[in-house]
Amino acid sequence: MISPRDYHVHFYFDQDTVTLARQVCEAVKARFSVSMGRVHEKSVGPHPRWSCQLTVMPEIFGEVVSWVSLNRAGLTVFIHPNTGDDLKDHQEHAIWMGEMLELDLSTFH
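Since the model is a prediction, treat every value here as computed from it, not as a measurement. (Residues numbered from 1 in each chain as written. Predicted model: local features only at pLDDT ≥ 70, side-chain atom pairs only at ≥ 80, totals over all residues. Heavy atoms only, no water.)

**Some remarks on the overall build of the chain**
Across its full length, the chain holds three helices and five strands. Its helices and strands in sequence order give the chain the pattern β-α-β-β-α-β-α-β, from N to C terminus. Here the chain has a C-alpha radius of gyration of 13 Å; the compact-globule value for 109 residues is 13 Å, and the two agree. Structurally, the chain occupies a C-alpha span of about 35 × 30 × 20 Å along its principal axes. (Helix = DSSP H or I, 4+ residues; strand = E, 2+ residues; numbered from the N terminus. Rg over C-alpha atoms; globule rule 2.2 N^0.38 Å.)

**Concerning the packing of helix α1 (residues 18–31) against helix α2 (residues 61–71)**
With their axes 11 Å apart at the nearest point, α1 and α2 run at an angle of 150 degrees to one another. Here α1 lies roughly antiparallel to α2, going by the angle between them. Handedness of the crossing formed by α1 with α2: right-handed. Seen from α1, the contacting residues are Val-24, Ala-27, Val-28 and Arg-31; seen from α2, they are Val-64, Trp-67, Val-68 and Asn-71. Taken together, the residues of the contact of α1 with α2 break down into six nonpolar, one polar and one charged. (Axes fitted to C-alpha atoms, helices over the stretch in contact; angles between N-to-C directions. Parallel < 35°, antiparallel > 145°, perpendicular 65-115°, else oblique. Left-handed = near helix turned anticlockwise from the far one by under 90°. Contact = heavy atoms within 4.5 Å. Nonpolar A, V, L, I, M, F, W, Y, C, P; charged D, E, K, R; others polar.)

**Here we look at α1**
Between its first and last C-alpha atoms α1 spans 20 Å; for 14 residues at 1.5 Å apiece the expected length is 20 Å, and the two agree. Along its buried surface, α1 packs onto β1 (6–13), β2 (35–40), β3 (50–56) and α2. (Expected span 1.5 Å × (residues − 1).)

**Observations concerning the pairing of β3**
Across the seven residues that make up β3, a large majority, five, are buried. The sheet contact formed by β1 and β3 spans seven bridges and is antiparallel. Directly across from His-10, in β3, lies its bridge partner Gln-53. Relative to β3, β2 is paired through four bridges, and the arrangement is antiparallel. Looking at β3, one finds that Met-36 is bridged to Leu-54. (Buried < 20%, exposed > 50% of the residue type's maximum accessible area, 1.4 Å probe, protein only. Pairing = 2+ DSSP bridges.)

**Considerations on the packing of aromatic side chains**
By the definition in use, this model includes five aromatic pairs. Taking the centre distance of 6.2 Å and the plane angle of 75 degrees together, the rings of Phe-13 and Trp-50 count as edge-to-face. Remark: Trp-50 occurs in strand β3 and Phe-13 occurs in strand β1; sequence separation between them is 37 residues. The buried category is assigned to Phe-13, whose relative accessible area is 3%. (Phe/Tyr/Trp six-rings, centres within 6.5 Å; stacked < 30°, edge-to-face > 60°.)

**Brief notes about the environment of Asn-71**
As for its position among the elements, Asn-71 is in helix α2. In this structure the C-alpha to C-alpha distance between Asn-71 and Val-28, which are 43 residues apart in sequence, comes to 9.2 Å. Looking at Asn-71, its side chain comes within polar contact range of the main-chain oxygen of Trp-67, at 2.8 Å. (Polar contact = N/O pair within 3.5 Å; in protein donor to acceptor, adjacent residues only side chain to side chain.)

**Some thoughts on the pairing of β1**
Most of β1 is tucked away, with eight of its eight residues classed as buried. Neither face of β1 is left uncovered, since the one carrying Asp-6, His-8, His-10 and Tyr-12 and the one carrying Tyr-7, Val-9, Phe-11 and Phe-13 both have all their residues buried.

In structure tokens:
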């Protein structure tokens, strides 16, 4: 069986929702023991929109995802494990909340 070392929870936003996204990400960080990355006001990596990444450990994944599902404030959220196989993690093992967007998976080929 595959076990992730951790998970990434990406909140997607645009210029109209950047403040809301910061607030939601900060709320998750304050409530749980997660690491919060930069708030990118441009598309980075495979991500099609501006985003903020939270790193969540497996022990609290269920609790964090449950809270995010109820408190994402309408933002699109992309969640994936980090198993060492980036392509599968972003494609086959992914979870979406809200709109499913097309990722640029060419970065993993």
